[in-house]
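Below are the chains, spelled out letter by letter.
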Amino acid sequence: MNATSATLEGVVATRANVYFDGRCISHTVTLADGTRKSVGVILPSVLTFTTAAPEIMEGVAGRCEVLLPGHDHWQAFGPGERFAVPGQSSFQIRVEGEPYHYICHFG
């Protein structure tokens, strides 16, 4: 069989989203109710993301520091901690040492 599956069981996109020359890689997950999320990892770097819709970033492993819109100081987040980013905005994320693993909840 030579066909390539675009999703696994219609849930996980098999093609990765690769950003910033591979410093951030994620996979899109679609739940049974149609809710879309992404699960990914950010390698050590300082990156600037823009958002279309509001996002909640949930740490799974590693640590990061984030400069959120309207803030003038970096905030640290680790496993089990979350931060919210408004839609139509941008934020900076800094990862040092161990990669930061996350779940991004959209909307």
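As shown above, the structure is provided for reference.
Model, not experiment: these values are computed from the prediction. As a convention, each chain's residues are numbered from 1 in the sequence order in which they are written. Under the rules for a predicted model, residues below a pLDDT of 70 receive no local features and side-chain atom pairs below 80 are neither given nor counted, while totals for whole chains, interfaces and linings still include all residues. To obtain the side-chain values, all non-hydrogen atoms of the structure were used and water was disregarded.

Looking at the pattern of salt bridges
Thought 1: Any carboxyl oxygen of Asp or Glu that lies within 4 Å of a side-chain nitrogen of Lys or Arg is treated as forming a salt bridge with it. According to the stated counting rule, one finds two salt bridges in the structure shown.
Thought 2: For the salt bridge of E58 with R82, the shortest nitrogen-to-oxygen distance reads 3.2 Å. Residue E58 is located in strand 7 (residues 55–61), and its partner R82 is located in strand 10 (residues 82–85); the two are separated by 24 residues in the primary sequence.
Thought 3: With a shortest N-O distance of 2.7 Å, R94 and E65 are connected by a salt bridge. By definition, any uninterrupted DSSP run of H or I lasting at least four residues is a helix, any uninterrupted run of E lasting at least two residues is a strand, and each is numbered from the N terminus.

Quick notes on the sheet that holds strand 6 (residues 45–51)
Thought 1: When DSSP finds at least two bridges between two strands, those strands are taken to pair. The strand order 6-11-8-9 describes an open sheet built from four strands, whose pairing is antiparallel. Since the sheet does not close on itself, it has two edges, and those belong to strand 6 and strand 9 (75–77), each with one partner. Strand-to-strand twist of the sheet, defined as the mean angle between neighbouring strand axes without regard to direction, takes the value 30°.
Thought 2: Summarising the sheet, strand 8 (residues 64–67) and strand 11 (residues 89–95) pair through three bridges and their orientation is antiparallel. Bridge pairing in strand 11 places V66 opposite I93. What counts as an axis is a line fitted to C-alpha atoms, over the stretch in contact for a helix, and the angles between N-to-C directions run from 0 to 180 degrees.

Remarks on the environment of E98
Thought 1: Along the chain, E98 turns up in the loop between strand 11 and strand 12 (100–106).
Thought 2: The spatial distance from the C-alpha of E98 to the C-alpha of I42 is 9.3 Å, given a sequence separation of 56 residues.
Thought 3: Whether two residues touch is decided by their heavy atoms; if any such pair falls within 4.5 Å, the residues are in contact. Ignoring any residue separated from it by four or fewer positions in sequence, one finds E98 in contact with A61 and G62.

Here we look at the side chain of S38
Thought 1: Tracing the chain through its elements places S38 in strand 5 (residues 36–42).
Thought 2: If near-sequence neighbours (up to four positions away) are discounted, S38 is found in contact with S26, H27, T28, Y102, I103, C104 and F106.

Concerning the packing of aromatic side chains
Thought 1: Here the aromatic set is Phe, Tyr and Trp, taking the six-membered ring for Trp, and pairing holds for ring centres within 6.5 Å; pairs whose planes are under 30 degrees apart are stacked, those over 60 apart are edge-to-face, and all others are tilted. Per the counting criterion, the structure on display carries five aromatic pairs.
Thought 2: Ring geometry for F49 against F91: centres 5.6 Å apart, planes inclined by 20°, an arrangement best described as stacked. Here the residue F49 occupies a position in strand 6, and F91 occupies one in strand 11, the gap between them amounting to 42 residues.
Thought 3: You can call F91 buried: its relative accessible area is 3%.
Thought 4: A ring pair is formed by Y100 and Y102, whose centres lie 6.3 Å apart and whose planes are at 20°; its orientation type is stacked.
Thought 5: For the exposure calls, accessible area comes from a 1.4 Å probe over protein chains only, and a residue counts as buried if that area is under 20% of its type's maximum, exposed if over 50%, partly exposed in between. Take Y100: its relative accessible area is 0%, and that puts it in the buried class.
Thought 6: Throughout this description, the term charge over a ring refers to an Arg CZ or Lys NZ atom that lies within 6 Å of the ring centre and within 35 degrees of the ring normal. Note that R94 overlies the ring of W74, its terminal NZ or CZ placed 3.9 Å from the centroid.

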